[in-house]
Amino acid sequence: MERVICPDATIVLDFMLGRFTGLLDRLVVYPERMLHNLNMTQGVIFSQMVLLALIEKGATREDAYAIVQRHAMKSWEEGLEFKPLLQKDPAVADYLHEKDLKKIFDVNNFLKNIDFIFNRALGE
């Protein structure tokens, strides 16, 4: 079967790539604002890492999920910080110590592979 390239499709692709390149050329990033936006989650953004840490320390997936879900919803609905809710829970203390929570709630966890990701996506 012969492959046919539709000229209209390549024109549209060229237009889209031109627009995208222009967008990236004018992109302005405000790191302080990004951190502010992350902090608006009251720490709930770390819930997946808490879930995984609980499981790694021996909690069942169901128990870990119940713990994280309960505190994440309370944090979200009542505007409370997620980490202190976890720190006060004896069920969490059975698995995670203060140093574990400190390590989990480090925003740098989200950035540790950033260079690898950009190099893989954009090349060296």
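From a predicted model like this one, the values you see are computed outputs, not experimental measurements.

Reading guide: rules and limits
- Residues numbered from 1 in each chain as written.
- Predicted model: local features only at pLDDT ≥ 70, side-chain atom pairs only at ≥ 80, totals over all residues.
- Heavy atoms only, no water.
- Helix = DSSP H or I, 4+ residues; strand = E, 2+ residues; numbered from the N terminus.
- Buried < 20%, exposed > 50% of the residue type's maximum accessible area, 1.4 Å probe, protein only.
- Contact = heavy atoms within 4.5 Å.
- Phe/Tyr/Trp six-rings, centres within 6.5 Å; stacked < 30°, edge-to-face > 60°.

Visitor: It is not clear to me how the side chain of D100 should be interpreted in this structure. Could you clarify?
Guide: Here D100 is to be found in helix α7 (residues 98–104). Looking at D100, the relative accessible area reads 15%, which means it is buried. Residues contacting D100, with those up to four places away along its chain left out, are K57 and Y95.

Visitor: Explanation requested: the packing of aromatic side chains in the structure shown.
Guide: Here a ring pair, both rings aromatic, is described through the centre-centre distance and the interplanar angle of the planes. Here the structure, examined in full by the defined rule, presents three aromatic pairs. An angle of 40° between the planes, with centres 5.5 Å apart, marks the rings of F46 and F110 as tilted. Of this pair, F46 sits in the loop between α2 (31–39) and α3 (47–56) while F110 sits in the loop between α7 and α8 (114–122), placing them 64 residues apart in sequence. Where F82 meets F105, the ring centres are 5.9 Å apart and the plane angle is 50°; that geometry is what we call tilted. Of this pair, F82 sits in helix α5 (residues 82–87) while F105 sits in the loop between α7 and α8, and the two are 23 residues apart along the sequence. For the residue pair F82 and F105, the accessibility class agrees, reading buried in each case.

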